[in-house]
Amino acid sequence: DPGDNALGGGIHSWHGTHVAGIVAANTNNGVGISGVLWDGKIQPVRVLGMGAQGYDSDILAGLLWAVGVPVEGVPDNLTPAKVVNLSLGGAADDEARTIWVELINDLTEVNAAAYGFPILVTAAGNSNQSVETIVPANIPAIITVGGARFDGQRASYSNWGSSVDVMAPGGQTNVDQNVDGQGDGIYSLYGDDYR
């Protein structure tokens, strides 16, 4: 996922590649890391642009397309996703949140069978604040995941609150709780390497 310039000055985050590696990196090949889904497939959908900026409308259109809903102006998705990971989020006003709630309710309740009963997962966020103001982390019917340190406690950056459904290893690169001489981040794909 080159080109997001998220860190400025031509420095890219490789966030999508990093997350995809955690989920589905090749396994048992003696190289790098092993993904959680050994036989999983990734269908990347870019919804944010330069500087990792974008609009709710772009994110929602990407989400709809990912599960197989036709989106005007783009070819139909012939391989709809069964699970959609939304590793993004931000503050939203009441109007935007209402749109999210209505769309997610339609996908997961009203027309769930038509869309293959998609499972939607999102990050709680990395700003050490309540998820109650963060979309999509505070949307019902989306599984919200917070980040935990090596010892299982909440990572200092992870958002928190009653909308967080589960905690998962997120690491904390400024801490070395397993005393291996490296920060406790999650090792994954990064550009054409590992990090």
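As a reminder, the structure under discussion sits directly above these lines.
Conventions and cut-offs
Residues numbered from 1 in each chain as written. Predicted model: local features only at pLDDT ≥ 70, side-chain atom pairs only at ≥ 80, totals over all residues. Heavy atoms only, no water. Helix = DSSP H or I, 4+ residues; strand = E, 2+ residues; numbered from the N terminus. Rg over C-alpha atoms; globule rule 2.2 N^0.38 Å. Buried < 20%, exposed > 50% of the residue type's maximum accessible area, 1.4 Å probe, protein only. Contact = heavy atoms within 4.5 Å. Areas by Shrake-Rupley, 256 points an atom, 1.4 Å probe, with all protein chains shown as cover. Lys, Arg positive; Asp, Glu negative; His and termini not counted. Charge placed at Lys NZ, Arg CZ, Asp CG, Glu CD. Core = buried A, V, L, I, M, F, W, Y, C linked by side-chain atoms within 4.5 Å. Axes fitted to C-alpha atoms, helices over the stretch in contact; angles between N-to-C directions. Parallel < 35°, antiparallel > 145°, perpendicular 65-115°, else oblique. Nonpolar A, V, L, I, M, F, W, Y, C, P; charged D, E, K, R; others polar. Salt bridge = Lys/Arg side-chain N within 4 Å of Asp/Glu carboxyl O. Pairing = 2+ DSSP bridges.

1. Here's the deal with the overall build of the chain
Then, number 1: Within the chain, the secondary structure is distributed over three helices and ten strands.
Then, number 2: Since a compact globule built from 195 residues should have a radius of gyration of about 16 Å, the 17 Å found for the chain is in line with a globular shape.
Then, number 3: When its C-alpha atoms are laid out on the principal axes, the chain stretches across 50 × 35 × 35 Å.
Then, number 4: Buried residues in the chain amount to 31% of all 195 residues.
Then, number 5: Summarising the internal contacts of the chain: among those between residues at least 6 apart in sequence, 46% fall at separations of at least 24.
Then, number 6: Accessible surface, the chain: about 11,500 Å² in total, of which carbon and sulfur atoms supply 55%.
Then, number 7: The chain carries 7 positive and 21 negative side-chain charges, and their two centres are separated by 6 Å.

2. So, the nonpolar core
Then, number 1: Ranked by size, the top nonpolar core spans 22 residues in total, and within it Leu63, Val84, Trp100, Leu103, Ile104, Leu107 and Leu120 carry the most contacts.
Then, number 2: In terms of residue count, the dominant contributor to this core is helix 2 (residues 56-66) (five residues).
Then, number 3: Apart from the residues lying within four places of it in its own chain, the contact partners of Trp100 are Asp56, Ile59, Leu60, Leu63, Val135, Pro136 and Ile139.
Then, number 4: Of all hydrophobic cores here, the second largest spans five residues; its members include Ala124, Val131, Ile134 and Val164.

3. Section: the packing of helix 2 against helix 3 (residues 94-110)
Then, number 1: Where helix 2 contacts helix 3, the two axes come as close as 11 Å, and the packing angle between them is 5°. Overall, the two elements helix 2 and helix 3 adopt an arrangement that is roughly parallel. Contacts between helix 2 and helix 3 involve Asp56, Ile59, Leu60, Leu63 and Leu64 from the first element and Ala96, Ile99, Trp100, Leu103, Ile104 and Leu107 from the second.
Then, number 2: Taken together, the residues that form the contact of helix 2 with helix 3 break down as ten nonpolar, no polar and one charged.

4. A short note on the pattern of salt bridges
Then, number 1: Within the structure shown, the criterion is met by one salt bridge.
Then, number 2: With a shortest N-O distance of 2.6 Å, Arg149 and Asp151 are connected by a salt bridge.
Then, number 3: According to the relative accessible area criterion, Arg149 is partly exposed, its value standing at 25%.
Then, number 4: The exposure class assigned to Asp151 is partly exposed, which follows from its relative accessible area of 39%.

5. A word on the sheet that holds strand 5 (residues 143-148)
Then, number 1: On the basis of which strands lie adjacent, the open sheet formed by four strands has the order 1-3-5-6 and parallel pairing. The strands lining the two open edges of the sheet, one partner per strand, are strand 1 (83-86) and strand 6 (166-169). Strand-to-strand, the axes of this sheet are offset by a mean angle of 30°, without reference to chain direction.
Then, number 2: Relative to strand 3 (residues 119-123), strand 1 is paired through four bridges, and the arrangement is parallel. Following the sheet pairing, Asn85 is matched in strand 3 by Val121.

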